[in-house]
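Given next are the chains, with one letter for each unit.
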Amino acid sequence: DLKRHFKPHQKAPAHWFVYVGVDIGTGGKKNHPGAISFVGVAPDFKQGRVLKGWRGDGVETTAGDIFKKYESLKKEIIREGLKEDQIIGKYYDHASRDFYLISLSNEEPFEPAEKGPIGEQTLNTLLKNDMVHLNDDIELRKLGNEFLSLEKSTPKEKAKDDFIDATRFAVSKIPWDFSGLLGTEIKEMDSEVEKEEQVTSEQQSRRDFVRGEKVAYNEFEEWNEQYGT
């Protein structure tokens, strides 16, 4: 919701952690654009904020171009007061080995992001429960519009979700604390995963991730009693 989830621009507090997601795209008129998302999270992992981002609409980009854009955004956010050591996780679409090699040569190594649907339900839950908001600026409005317009039934190859993917890469690596949510919220997350028709290795990782979130809400003994695992 544009009124509910967008907030006046806020720099990351000094005690917050920052995660970065990068979706590599070649851009131009016919191809998917590249996108970058900086997500801040409070140290209790109960509240987050998409601090800064970019989507390269209509711009042809190489892996090197996207890495330069990441460096530019990082400089901007540091000028706003972020300390470099607050960035504790950086994740990229590992289909692009060129991006990894470029980041490595610049002493800014990125880790492979979780692909597939991993992180989708986490994003839905975070937004539904006001656990994450977006800084209100022109570029992040593009992300808001993706959230508003993307339907689950849309085939991946036709989906306009590049900014969402970059954000998802960062969000899925954050150990969110969902302990304040109702038990039904946690069950919904697990149910969504259980309904998937095929379980790839990445989807299995998502299932493990969701169940890990449940542990934050229930004791291991309760988990074993209720689910028999």
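Please refer to the structure placed before this passage.
Now for a look at the structure at hand. (Residues numbered from 1 in each chain as written. Predicted model: local features only at pLDDT ≥ 70, side-chain atom pairs only at ≥ 80, totals over all residues. Heavy atoms only, no water.)

1. Digging into the sheet that holds strand 3 (residues 35-41)
- If you walk across this open sheet you meet the seven strands as 1-7-4-3-2-5-6, and the pairing is mixed. Two strands in the sheet have a free side with no partner beyond their single neighbour: strand 1 (6-7) and strand 6 (111-112).
- For strand 2 (residues 17-23) and strand 5 (residues 87-92), the ladder comprises five bridges, and the chain directions are parallel. When the bridges of strand 5 are listed, Tyr 19 appears paired with Gly 89.
- Running over the sheet, helix 5 (residues 138-149) touches strand 1, strand 4 (48-55) and strand 7 (132-135) and is turned about 105 degrees from strand 4. (Pairing = 2+ DSSP bridges. Helix = DSSP H or I, 4+ residues; strand = E, 2+ residues; numbered from the N terminus. Contact = heavy atoms within 4.5 Å. Axes fitted to C-alpha atoms, helices over the stretch in contact; angles between N-to-C directions.)

2. Focus on the environment of Asp 57
- Topologically, Asp 57 is positioned in the loop between strand 4 and helix 2 (63-79).
- Along the sequence, Asp 57 and Gly 27 sit 30 residues apart, while their C-alpha atoms lie 6.8 Å from each other.
- Leave out the neighbours within four places in its chain, and Asp 57 touches Pro 33 and Lys 142.
- Here Arg 55 takes part through its side chain, which lies 2.6 Å from a polar atom of the side chain of Asp 57. (Polar contact = N/O pair within 3.5 Å; in protein donor to acceptor, adjacent residues only side chain to side chain.)

3. Notes on the side chain of Asp 93
- Structurally, the position occupied by Asp 93 is in the loop between strand 5 and helix 3 (97-105).
- Dropping the residues within four chain positions of it, Asp 93 is found in contact with Val 22, Asp 23, Ile 24, Lys 115 and Phe 169.

4. What to know about the nonpolar core
- Among the nonpolar cores identified, the biggest contains 27 residues, and Tyr 19, Val 50, Leu 126, Leu 143, Ile 174 and Trp 176 are the most heavily contacted of them.
- At the level of secondary structure, the elements contributing two or more residues to this core comprise strand 3, helix 4 (120-128), strand 7, helix 5 and helix 6 (162-171).
- Ranked by residue count, the leading element in this core is helix 6, at six residues.
- Residues within four places of Leu 126 in sequence aside, it is in contact with Met 131, Val 132, Val 171, Trp 176 and Phe 178. (Core = buried A, V, L, I, M, F, W, Y, C linked by side-chain atoms within 4.5 Å. Buried < 20%, exposed > 50% of the residue type's maximum accessible area, 1.4 Å probe, protein only.)

5. Overview of the pattern of salt bridges
- The final tally for this structure, using the stated rule, is 13 salt bridges.
- We note a salt bridge from Asp 130 to Arg 4, for which the minimum N-O separation is 2.7 Å. In this pair, Asp 130 is assigned in the loop between helix 4 and strand 7 and Arg 4 in helix 1 (residues 2-5), connecting sequence segments 126 residues apart.
- Residue Glu 146 pairs with Arg 55 through a salt bridge whose shortest N-O separation is 2.7 Å. Of this pair, Glu 146 sits in helix 5 while Arg 55 sits in strand 4, and the two are 91 residues apart along the sequence. (Salt bridge = Lys/Arg side-chain N within 4 Å of Asp/Glu carboxyl O.)

6. Some remarks on the packing of helix 5 against helix 6
- The contact between helix 5 and helix 6 brings their axes to 8 Å, and the two run at 95 degrees. The orientation of helix 5 with respect to helix 6, classified from their angle, is roughly perpendicular. Between helix 5 and helix 6, the residues in contact are Glu 139, Leu 140, Lys 142, Leu 143, Glu 146 and Phe 147 and Asp 162, Phe 163, Ile 164 and Thr 167, respectively.
- The residue inventory of the contact of helix 5 with helix 6, partitioned by class, reads five nonpolar, one polar and four charged. (Parallel < 35°, antiparallel > 145°, perpendicular 65-115°, else oblique. Nonpolar A, V, L, I, M, F, W, Y, C, P; charged D, E, K, R; others polar.)

7. What about unusual backbone geometry?
- Even without a glycine there, the phi angle at Glu 107 is positive, about 55 degrees.
- In this structure, Glu 107 sits in the loop between helix 3 and strand 6.
- Residue classification places Glu 107 among the exposed residues on the basis of a relative accessible area of 72%.
- The phi torsion at Asp 130 lies on the positive side, around 55 degrees, for a residue other than glycine.
- Asp 130 sits in the partly exposed class, given a relative accessible area of 30%.

In short, shape yes, function no, at least from these values alone.
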